[in-house]
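Listed below, chain by chain, are the residues.
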Amino acid sequence: MKAKFFFIGMALLFALLLAACGGSSDTQTEAEPGAGSGDQGEEAPAEGGGSYSIDIGYINATDSETDLGARKFKELIEEKTGGELTVNIFANAQLGGERDLLEGMSLQTVDMVITGDAIFGMFAPEYSGLSLPFLIKDTDHLDRVLDGEVGDEINAAINESLNSSILDYWHRGPRNLTANMEIRSPEDLNGMKLRVPEIPLVVEAWKILGANPTPMAFDQLYVALEQRTVDGQENPLDMIYTSKLHEVQNYVMTTQHLIAPMVVVINNDTFESFPEEMQAQVVEAIEEAGTYQKQLVKENEEVYRQQIIDDGTTIIDDVDRDAFARKLEESNIVEQFEGEWAPDLVERIRAAE
């Protein structure tokens, strides 16, 4: 790696000598995705003049808990490295949906991605069982699963499929159902066109529950709801509020059907291009930012709820969650998918309760 930077430095020196002799060159004046990627043959300074940079992308809106966590990471790592490592943030699906971002990270067009559990279904399908509604009971249960052997196995799978590593698992609120009609039981779904993530297990689960699930990238969702291409969707309250989904939905049903993480992932080549001390600082800053983000999630659930109510959307609390959970339990959905999952995945998840 040192040899690589020696030759890069010699190449830059040679270019400067040519410029001094009358040559001309274009100067990068603003940060662009991929500017800090290790396989591009240069370490272009990002905004702020640091020697290294990280471009972070995610679909969450500005001022969401994920965005605030990312901004805290930027503040922390730039302070820890004295500005040698700078961070460029691309929120609100500026660089595309989750699949676009994760595939882009494997190609180093973006260095780091903060994503939801869709990463399991897309790039670690043997662990997509984590997205089974009502399986994870609360965030403590989730943490025990992801901090144990299952989390280690997922990291190994992501290394293999995306040449990337999971730096940390952050929290998010439970997913809730939204629609333009009141839904209190599975019978009320009655074939409703429901946008769901691009995860086969989730598609099948909502089909069993009575909906007509429609897989769709998140960046297409607002317009799809506005134009009634789909009738409803399901997401945590912070996503519903900060992405303004409640503006095009009349009701939020507190189904709380899925407790899932936000996953912080970095491209391995990008991470390994940093000096060892800087690598440790990145890990430390991400974990500190994660502690901050998790506290925001804990504090803000009631805040987002009230803001949604204040904006005129009705929240339905008397949902028969047991009826939803029972309908899934009585189906053969686990048997249908368990052959595709890691050995004893559901049993190991349940054992961590």
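Residues numbered from 1 in each chain as written. Predicted model: local features only at pLDDT ≥ 70, side-chain atom pairs only at ≥ 80, totals over all residues. Heavy atoms only, no water.

**As for the environment of Gly96**
Here Gly96 is to be found in the loop between strand S2 (85-90) and helix H3 (98-106). A C-alpha to C-alpha distance of 9.1 Å links Gly96 and Phe218, two positions 122 residues apart in sequence. Leave out the neighbours within four places in its chain, and Gly96 touches Ile59, Leu101 and Asp219. (Helix = DSSP H or I, 4+ residues; strand = E, 2+ residues; numbered from the N terminus. Contact = heavy atoms within 4.5 Å.)

**A look at the side chain of Gln281**
Mapped onto the fold, Gln281 is located in helix H11 (residues 276-310). Residue Gln281 is classed as buried on the basis of its relative accessible area of 15%. Residues in contact with Gln281, not counting those within four places in the same chain, are Ile77, Lys80 and Thr81. (Buried < 20%, exposed > 50% of the residue type's maximum accessible area, 1.4 Å probe, protein only.)

**Overview of the side chain of Asn176**
Assignment of secondary structure puts Asn176 in strand S5 (residues 175-179). On the basis of relative accessible area, Asn176 is assigned to the buried category, the value being 0%. A distance of 3.0 Å separates the side chain of Asn176 from the backbone nitrogen of Gln256, its partner in a polar contact. (Polar contact = N/O pair within 3.5 Å; in protein donor to acceptor, adjacent residues only side chain to side chain.)

**Topic: the sheet that holds S2**
Sheet strands pair via backbone hydrogen bonds, and the direction of the pair is either parallel or antiparallel. Taken together, the 5 strands give an open sheet; going across it, the order is S2-S1-S3-S10-S4, and neighbouring strands pair in mixed fashion. Strands at the two margins of the open sheet, each flanked by one partner only, are S2 and strand S4 (164-170). Strand-to-strand, the axes of this sheet are offset by a mean angle of 20 degrees, without reference to chain direction. Here 6 bridges tie strand S1 (residues 52-57) to S2, and the two strands are oriented parallel to one another. Bridging from a neighbouring strand, Gly57 pairs with Phe90 of S2. Relative to S2, helix H2 (residues 65-80) is tilted by about 165 degrees, and along the sheet it contacts S1, S2, strand S3 (112-115), S4 and strand S10 (262-267). Strands in contact with helix H6 (residues 149-162) are S4 and S10; relative to S4, the strand with the most contacts, it is inclined by about 140 degrees. (Pairing = 2+ DSSP bridges. Axes fitted to C-alpha atoms, helices over the stretch in contact; angles between N-to-C directions.)

**A look at a negative patch on the surface**
A surface patch of like charges, here negative, comprises Glu187, Asp188, Asp320, Asp322, Glu329 and Glu330. Take Glu187: it is sitting in the loop between S5 and strand S6 (193-196). (Patch = residues over 30% accessible without salt bridge, like charges linked within 9 Å, V, L, I, M, F, W, Y side chains within 5 Å. Areas by Shrake-Rupley, 256 points an atom, 1.4 Å probe, with all protein chains shown as cover. Salt bridge = Lys/Arg side-chain N within 4 Å of Asp/Glu carboxyl O. Lys, Arg positive; Asp, Glu negative; His and termini not counted. Charge placed at Lys NZ, Arg CZ, Asp CG, Glu CD.)

**Things to note about H2**
For H2, spanning 16 residues, the distance from its first C-alpha to its last is 22 Å, which sits close to the expected 22 Å at 1.5 Å a residue. Of all the positions in H2, only Glu65, Thr66, Asp67, Gly69, Ala70, Phe73, Leu76 and Ile77 are classed as buried. One or two residues past the end of H2 sits Gly82, with phi positive at roughly 60 degrees. (Expected span 1.5 Å × (residues − 1).)

**Quick notes on the pairing of strand S9 (residues 251-258)**
The buried count for S9 comes to 7 of 8 residues, which makes it a mostly enclosed element. Pairing of S5 with S9 involves 4 bridges; the strand directions are antiparallel. From the neighbouring strand, Thr178 faces S9, where its bridge partner is Val252. Relative to strand S11 (residues 314-316), S9 runs parallel, the two being bridged by 3 bridges. Its bridge partner being in S11, Met253 is matched across the sheet by Ile316.

Nothing here speaks to function; it is geometry throughout.
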